[in-house]
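Structural description and commentary
The residues making up each chain are set out below.
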Amino acid sequence: MGCLSFVQGVPPGCVVLSGGVVRVARSLPHTMVTTQTHAGHISKELASRMASQCGVSIARYEGHGSQGRVFTLHESDQVLKVSKTRTPVNREQHNYSTLSAVGVPCACASLSITEDLDDGTFGHAMLLERLCFTLTAVLRACAITTSLCVVPRLLKACQRILQLLRQHRITYVDLSPDNIMFRRVRQNVYEMVVVDPSYMTIQSPCTSDAFDRMYLAYKVFVLALLHPHCRGVCKHLGTRLLGYEPSTQEVVLWLKTVPPKAVRCVTMAYA
């Protein structure tokens, strides 16, 4: 159910999604969990002020990434992301530029500004293109609509991103289904792109060639734990990314120990 049998001329990295999957995916949250993160320290006043500097107006709060909050804008095909850091370098904007330069499909940032704040930190604002939905939402939608035939296409698109990152010696560090989104190319055809490259690193001794593949696969299995209805879909994708099905203990142990070390390494490099 919910699958399209054939669409001619699908570009590399793109996935054909049925109308049913798209409708359900649009109705679901972008992230695995909806609780607030440390990004909650972004005040309404700071967000409004930086939006004004970017020449846009905030309509409502939309969600959060690892480093900031995302806002819907009035009558716009873009969103505004506002974050605070202890350094004046907006590493997310820098990393988007790096990814774009080497051909890794990612969100397009049209404007980035930085403000020196009174508390010694720095506020960053970026205008990003509005994308459709995350891989998290698509996997849940595939389970709800029983569109299991989409999973091989998702696997192929994920493998392409992993191959491009590995080819350029880039480790994403936080390549979860929440940070993979889809850009509509034409009717029923969507390109898989990456977002929120806050902790990206190049040729780092803190990570291995398999880091991103393992992280993504393990996060897919975490999605299955949080939302049991999509266990079959997530097991199908995660097992093919890894080559085997890991135990829950293995997933939890790796995620608790390996990624935090990589994040600390990247954070120290930007300090």
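This structure is a prediction, so every number in the text was calculated from the model and none was measured.

Moving on, we get to the overall build of the protein chain. A tally of regular secondary structure across the protein chain gives 8 helices and 10 strands. Over its C-alpha atoms the protein chain spans a radius of gyration of 18 Å, differing by no more than 12% from the 18 Å that the globule rule assigns to 271 residues. On the principal axes, the C-alpha backbone points of the protein chain span a range of 55 × 45 × 35 Å. For the protein chain, the residues scored as buried account for 54% of the 271 residues in total. Considering only intrachain contacts with a sequence separation of at least 6, the fraction spanning at least 24 residues in the protein chain is 73%. Accessible surface, the protein chain: about 12700 Å² in total, of which carbon and sulfur atoms supply 54%. Computed over 28 positive and 18 negative side-chain charges, the inter-centroid distance for the protein chain is 9 Å.

By size, the foremost hydrophobic cluster in this structure holds 73 residues, and its most contacted members are Phe 133 and Leu 154. For this core, the leading source of residues is helix H6 (residues 211-226), giving 11 residues. In this view, Leu 154 contacts Val 15, Leu 135, Val 138, Leu 139, Cys 142, Phe 182, Met 192 and Leu 237; residues no more than four positions away in its chain are not counted. Ranked by size, the runner-up nonpolar core spans 14 residues in total, among them Ile 42, Leu 46, Leu 80 and Ile 113.

The strand order across the open sheet built from 3 strands is S1-S9-S8, with neighbouring strands paired in antiparallel fashion. In this open sheet, the two strands that pair with only one neighbour each are strand S1 (14-16) and strand S8 (180-186). Ignoring strand direction, the axes of neighbouring strands in this sheet form an average angle of 35 degrees. Both S8 and strand S9 (residues 189-194) contribute to a ladder of 6 bridges, which runs antiparallel. If you follow Arg 184 over to S9, its bridge partner there is Tyr 190.

A few words now on the pairing of strand S6 (residues 122-129). Counted residue by residue, S6 has 8 buried out of 8 residues, so it is predominantly covered. Residues Phe 122, His 124, Met 126 and Leu 128 line one face of S6 and the alternating positions Gly 123, Ala 125, Leu 127 and Glu 129 line the opposite face, and both faces are buried. Of the pairings in the sheet, the one linking strand S4 (residues 78-85) to S6 comprises 8 bridges and is antiparallel in character. Note that in S6 the partner of Val 82 across the bridge is Ala 125. Across 7 bridges, strand S5 (residues 109-116) lies against S6 in antiparallel orientation. Bridging across to S6, Thr 114 finds its partner in His 124. Counted between consecutive antiparallel strands, the loop separating S5 from S6 contains 5 residues, among which Gly 120 sits at a positive phi close to 90 degrees.

Here is what the cut-offs are and how they apply
Residues numbered from 1 in each chain as written. Predicted model: local features only at pLDDT ≥ 70, side-chain atom pairs only at ≥ 80, totals over all residues. Heavy atoms only, no water. Helix = DSSP H or I, 4+ residues; strand = E, 2+ residues; numbered from the N terminus. Rg over C-alpha atoms; globule rule 2.2 N^0.38 Å. Buried < 20%, exposed > 50% of the residue type's maximum accessible area, 1.4 Å probe, protein only. Contact = heavy atoms within 4.5 Å. Areas by Shrake-Rupley, 256 points an atom, 1.4 Å probe, with all protein chains shown as cover. Lys, Arg positive; Asp, Glu negative; His and termini not counted. Charge placed at Lys NZ, Arg CZ, Asp CG, Glu CD. Core = buried A, V, L, I, M, F, W, Y, C linked by side-chain atoms within 4.5 Å. Pairing = 2+ DSSP bridges. Axes fitted to C-alpha atoms, helices over the stretch in contact; angles between N-to-C directions.

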